[in-house]
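The primary structure of each chain is shown beneath.
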Amino acid sequence: MPLRDDQIRRYARQLVMRDFTGAAQECLLKSRVLVYGEGPPMDLCVLYLAAAGVGDIHLSGVRPSVLDLIWRAAALNPDCRVHEGGRGLRPDYVIDFAQDAGPGAARRAAGALRAGLPYLKVLRAAGAAIMKRWREGDPCPGCVLNAAGLKQTDLLNPGETSVSGPAAAAFATLELAGLGVPTHNALLMDADKGAYRELAATPLPECIMCAELADGR
Amino acid sequence: MANERSASGSTSRKLLDLRGEVCPYTFVKSKLTLEQMAPGEELVVTVDYEPSSRNIPKSMRIIGEEVVSVAAKDDGTWEIVLRKA
Ligand SMILES: [Zn+2]
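Now for a description of the structure that goes with this document.

Here we take up the interface of chain B and chain A. Listed by partner, the interface residues are ten residues for chain B and 14 residues for chain A. Counting the surface lost from both chain B and chain A, the interface buries some 990 Å², and carbon and sulfur atoms represent 65% of this. Counting across the chain B and chain A interface gives two salt bridges. One salt bridge in this structure joins B:Lys29 and A:Asp5, with 4.0 Å as the shortest N-O distance. The tally of links between chain B and chain A comes to six residue pairs in polar contact (both at pLDDT 80 or more). Residues of the side of chain B that touches chain A, tallied by class, amount to six nonpolar, no polar and four charged.

Time to look at the coordination of the zinc ion. All names here are of chain A. Donor atoms from the polypeptide that coordinate the zinc ion comprise Cys140 (SG), Cys143 (SG), Cys207 (SG) and Cys210 (SG), at 2.2 to 2.3 Å from the metal. Motif for the zinc ion, donor spacing along one chain: C-x2-C-x63-C-x2-C. Placement of Cys140 in the loop between strand 6 (128–134) and helix 7 (141–147) and of Cys207 in the loop between strand 8 (195–199) and helix 9 (208–215) is noted, with a sequence separation of 67 residues between them.

This brings us to the sheet that holds strand 8 of chain A. Residues and elements named next belong to chain A. Spatially, the eight strands line up as an open sheet ordered 3-2-1-4-5-6-7-8, and their pairing is mixed. Two strands lie at the open edges of the sheet, namely strand 3 (81–84) and strand 8, each paired on one side alone. Direction aside, neighbouring strands of the sheet carry axes that sit 20 degrees apart on average. Judged from the three bridges that link them, strand 4 (residues 93–96) and strand 5 (residues 119–125) form a sheet pairing that is parallel. From the neighbouring strand, Asp96 faces strand 5, where its bridge partner is Lys121. Docked against the sheet, helix 6 (residues 103–114) engages strand 1 (32–36), strand 4, strand 5 and strand 6, running at close to 160 degrees with respect to strand 5.

Now for the environment of B:Ile80. Turning to its location among the elements, B:Ile80 is positioned in strand 5 (residues 78–83). The spatial distance from the C-alpha of B:Ile80 to the C-alpha of B:Leu43 is 8.1 Å, given a sequence separation of 37 residues.

With that settled, the discussion passes to helix 8 (residues 164–176) of chain A. Residues and elements named next belong to chain A. In this model helix 8 runs 18 Å from its N-terminal to its C-terminal C-alpha over 13 residues, within 8% of the 18 Å that 1.5 Å per residue would give. A large share of helix 8 lies buried, amounting to eleven of its 13 residues. Residues of helix 8 that are buried: Ser164, Gly165, Pro166, Ala167, Ala168, Ala169, Phe171, Ala172, Thr173, Glu175 and Leu176. Just downstream of helix 8, Gly178 is the residue with a positive phi angle, here 85 degrees.

Bridge count for strand 7 (residues 186–190) of chain A against strand 8 of chain A is five bridges, and the pairing is antiparallel. Looking at strand 8 of chain A, one finds that A:Leu187 is bridged to A:Glu198.

All names here are of chain A. Between helix 4 (residues 40–52) and helix 5 (residues 66–76), the least distance of the axes is 9 Å, while the angle of their chain directions is 25 degrees. Taken together, the axes of helix 4 and helix 5 lie roughly parallel to each other. For the crossing formed where helix 4 meets helix 5, the hand is right-handed. Note on element contacts: helix 5 touches helix 4 through Leu69, Arg72, Ala73 and Leu76, opposite Met42, Asp43, Val46, Leu47, Ala50 and Ala51.

What counts, and at which threshold
- Residues numbered from 1 in each chain as written.
- Chains lettered and ligands numbered in written order.
- Predicted model: local features only at pLDDT ≥ 70, side-chain atom pairs only at ≥ 80, totals over all residues.
- Heavy atoms only, no water.
- Contact = heavy atoms within 4.5 Å.
- Buried area = accessible area lost by both parts, 1.4 Å probe.
- Salt bridge = Lys/Arg side-chain N within 4 Å of Asp/Glu carboxyl O.
- Polar contact = N/O pair within 3.5 Å; in protein donor to acceptor, adjacent residues only side chain to side chain.
- Nonpolar A, V, L, I, M, F, W, Y, C, P; charged D, E, K, R; others polar.
- Donors = N, O, S within 2.8 Å, 3.2 Å for Na, K, Ca; no water.
- Helix = DSSP H or I, 4+ residues; strand = E, 2+ residues; numbered from the N terminus.
- Pairing = 2+ DSSP bridges.
- Axes fitted to C-alpha atoms, helices over the stretch in contact; angles between N-to-C directions.
- Expected span 1.5 Å × (residues − 1).
- Buried < 20%, exposed > 50% of the residue type's maximum accessible area, 1.4 Å probe, protein only.
- Parallel < 35°, antiparallel > 145°, perpendicular 65-115°, else oblique.
- Left-handed = near helix turned anticlockwise from the far one by under 90°.

Written out as structure tokens, the structure reads:
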């Protein structure tokens, strides 16, 4: 269905880009994104996805602020519907903001890869955030965290690092619009310096979670 | 939107009247219209917002579309002829 005039006005700021065609915007409007986790960057990610015109956003897990977020997204863009819960859903994209780089995250990554779904993970530590779009053969989230020089305990007191929210939304938006994946390397965002760095991480032979991730394929 | 034959009679032309509209809508609407057209077809865009008369040709060249002509008319409008690449 071609874009309505009000939609062309609403999405004009991204439709000006050469490859962001009307067909790309229509893909985005039909897409379904499943989001895990909570926190300010996750809220921002949802609002950016809503503003970009993602059709349906499903929030997994119960959190007190979910109704507020649903109202804010609806007020931002009536084209976007935000839902509570994502059980049994077949999404087009998975974004994981859960502050967990252990077995739970490895399981979600493996589940998404097995289902052929794009899986984007965000982890926050004090003053830094890591974002990575997983693909086959990649190490487990714990090993990526390790490659960034961080430990599981660094995730316990995350800074705001809100930039990771819009950054994740931009990754998902581009891929859902059919414009490709900006990078599969882990992106390390230094919130203090405002600097970005790409990390290439490889699976560790002795890591059980890396092995399980590889087995999941 | 209307269709007409060009002066040569060989290529089909589409007309897009964007009087009363401003940037960035004028460029985006022109871009989306070109996306629906076949290579070589021409689109004649009419605007009455002066910045659009400069921004549409500039942006079209950036995204690789051909700008055939830009003409200021006596009635305070501009006619921009684009050809789908
Ligand atoms: Zn590992």
